[in-house]
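What follows is each chain in one-letter form.
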Amino acid sequence: MPDRVLSGTRPTGKLHLGNLLGALENYKKLQGAESFFMIADWHALTTEYESHTSIADNVREVVLDYLAAGLDPAQCTIFVQSEVSEHASLALLLSMITPLGWLERNPTYKDQLAELKGKDLNTHGFLGYPVLQAADILLYKATKVPVGEDQLPHLELTREILRRFHHLYGKEIFPEPQPILTRAPRVPGLDGRKMSKSYNNCIYLDEKPEDVTKKMKTMVTDPARKRREDKGHPEVCPVFAIHQQINQSNVETVAVECRGALRGCVDCKLEAAAKLNEFLDPIRRRRVEWEKKKNQVRDILDQGRERAQSVASATLDEALCAAGVRKHD
Ligand code: TRP
Ligand code: SF4
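Residues numbered from 1 in each chain as written. Chains lettered and ligands numbered in written order. Predicted model: local features only at pLDDT ≥ 70, side-chain atom pairs only at ≥ 80, totals over all residues. Heavy atoms only, no water.

Observations concerning the overall build of the protein
- Counting its secondary structure elements, the protein contains 14 helices and five strands.
- The C-alpha atoms of the protein give a radius of gyration of 22 Å, which matches the 20 Å a tight globule of 329 residues would have.
- Of the contacts formed within the protein by residues at least 6 apart in sequence, a portion of 77% connects residues at least 24 apart.
- Working note: accessible area of the protein is about 15700 Å², and carbon and sulfur atoms make up 52% of it.
- Positive and negative charge centroids in the protein, built from 46 and 46 side chains respectively, lie 3 Å apart. (Helix = DSSP H or I, 4+ residues; strand = E, 2+ residues; numbered from the N terminus. Rg over C-alpha atoms; globule rule 2.2 N^0.38 Å. Contact = heavy atoms within 4.5 Å. Areas by Shrake-Rupley, 256 points an atom, 1.4 Å probe, with all protein chains shown as cover. Lys, Arg positive; Asp, Glu negative; His and termini not counted. Charge placed at Lys NZ, Arg CZ, Asp CG, Glu CD.)

So this is what it looks like as structure tokens:
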């Protein structure tokens, strides 16, 4: 069997630089006949069920960001999770065999409960988040799952669930999925924490050039470097982390000049902003083009749904048969 690739993005708004460097860059590299890229709208609902923002509008933003970032619908399958009903069905089947303790111990679950204090996440759906994610992956028998570091516990749970399924029903249906991490598993945001919409510290893919510059000027730097004469420590500076990602040809010079107090932080940030704008330019241009082609975008999703569903329905059938829910005489 050739490698199958599946990954997904929660549509909670426009995508940012962290999404691009942390995941999308890898999606692009893994494009090919057997790659599936999903917009995980059910997963968005697990944390957004109380909010009045339209998840459907956000789905559209993510599709545009996928296309703008360079995913090619001729080379991969782009689809919306809730449009392929097999995801909900397999998640329910897997929920029957998943011990509560596994979900309660999940470190991502505990972190999120603590972090997203403004939201009531004491729900069945939120606890079952990894079960739904396991269903996403297993429906396509994916062997490779490009994700950020924060998703590793979810992948581990997927493997535990599929082992339990095989053990209970005596059939080896699913291959074990492996995570594929990018070179930038953690992209810092403007405040130095991980770039994340919930921290309000993002640079978005469609950000205007002047706003990129404005935002970069506010980025935190090496906290020990208070005056221009102080020598800096690039390894702890978020601006330097951005240089490492998008200014590779000059990154050594940046480091040397920072350590020797030969460059000021303002100039350093302006250089990073200019490089970032160069990097984002083609993405912004492609996005504007796709925004004009509403019908074509809908067609891409329709085709994606059909391709995804033909794989997913066959797997669901196998799983239901194995569990004794369905029988073909
Ligand atoms: N949980 C993932 C995230 O927050 C999104 C996701 C949903 C996903 N289903 C998936 C990722 C399946 C990989 C595979 O980023
Ligand atoms: Fe960071 Fe650049 Fe300032 Fe060094 S010179 S601390 S790398 S912003």
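Considerations on the pattern of salt bridges
- Summed over all chains, the structure comprises 27 salt bridges.
- Of the charged contacts in the structure, one is a salt bridge between Asp 3 and Lys 144, with a shortest N-O distance of 3.3 Å. Of the two residues, Asp 3 sits in the segment before strand S1 (5-9) while Lys 144 sits in strand S4 (residues 144-146), which places them 141 residues apart along the sequence.
- Residue class for Asp 3 comes out partly exposed when judged on its relative accessible area of 40%.
- Take Lys 144: its relative accessible area is 26%, and that puts it in the partly exposed class. (Salt bridge = Lys/Arg side-chain N within 4 Å of Asp/Glu carboxyl O. Buried < 20%, exposed > 50% of the residue type's maximum accessible area, 1.4 Å probe, protein only.)

Concerning the nonpolar core
- Of all hydrophobic cores here, the largest spans 53 residues; its most connected members are Tyr 66, Met 216, Ile 242 and Leu 276.
- Considering every element that reaches this core, the biggest residue donor is helix H3 (residues 55-69), with nine residues.
- Two domains each donate at least three residues to this core, and these are domain 1 (5-187 + 294-322) and domain 2 (206-288).
- Residues contacting Tyr 66, with those up to four places away along its chain left out, are Gly 8, Thr 9, Leu 15, Leu 24, Tyr 27, Phe 37, Met 38, Ile 39, Leu 71 and Ile 78.
- Membership of the second largest hydrophobic core comes to 43 residues, among which are Ile 97, Phe 126, Val 131 and Val 311. (Core = buried A, V, L, I, M, F, W, Y, C linked by side-chain atoms within 4.5 Å. Domains from an automatic or database assignment.)

Describing the site of ligand 1
- Taken together, 14 residues are adjacent to ligand 1, and His 43, Tyr 129, Gln 133, Asp 136 and Gln 151 come closest.
- The separation between a nitrogen atom of ligand 1 and a polar side-chain atom of Tyr 129 is 2.7 Å.
- Gln 133 places a polar side-chain atom, nitrogen or oxygen, 2.9 Å from a nitrogen atom of ligand 1.
- When ligand 1 is considered free in solution it has 370 Å² of accessible area, and contact with the protein chains removes 89% of it.
- Every element with two or more residues in the shell around ligand 1 is listed here: S1 and helix H8 (129-139).
- Broken down by element, the shell around ligand 1 gets its largest block of residues, four residues, from H8.
- Residue composition of the shell around ligand 1, by class: seven nonpolar, five polar and two charged. (Near = heavy atom within 4 Å. Polar contact = N/O pair within 3.5 Å; in protein donor to acceptor, adjacent residues only side chain to side chain. Nonpolar A, V, L, I, M, F, W, Y, C, P; charged D, E, K, R; others polar.)

Some remarks on the side chain of Lys 269
- Counting through the fold element by element, Lys 269 comes out in helix H13 (residues 265-291).
- A polar contact of 2.9 Å, which involves the side chain of Lys 269, links it to the backbone oxygen of Lys 217.

Some remarks on the domain arrangement of the protein
- Taken as a whole, the protein is organised into domain 1 (5-187 + 294-322) and domain 2 (206-288).
- Each side of the interface is counted separately: domain 1 has 15 residues, and domain 2 has ten residues.
- Interface area, domain 1 with domain 2, both sides summed: about 1000 Å², of which 55% is carbon and sulfur.
- Considering only the side of domain 1, the residues that lose the most area to domain 2 are Leu 17, Ala 68 and Arg 183, jointly responsible for 43% of the buried surface there.
- For the pair domain 1 and domain 2, the number of links is three salt bridges.
- As a salt-bridge pair, Asp 206 and Lys 14 come within 2.7 Å of each other at their nearest N and O atoms.
- Linking domain 1 to domain 2 there are four residue pairs in polar contact (both at pLDDT 80 or more).
- For the side of domain 1 that touches domain 2, the secondary structure elements donating two or more residues are helix H1 (17-29) and H3.
- With six residues, the top contributor of residues to the side of domain 1 that touches domain 2 is H3.
- Grouping the constituent residues of the side of domain 1 that touches domain 2 by class yields nine nonpolar, one polar and five charged. (Buried area = accessible area lost by both parts, 1.4 Å probe.)

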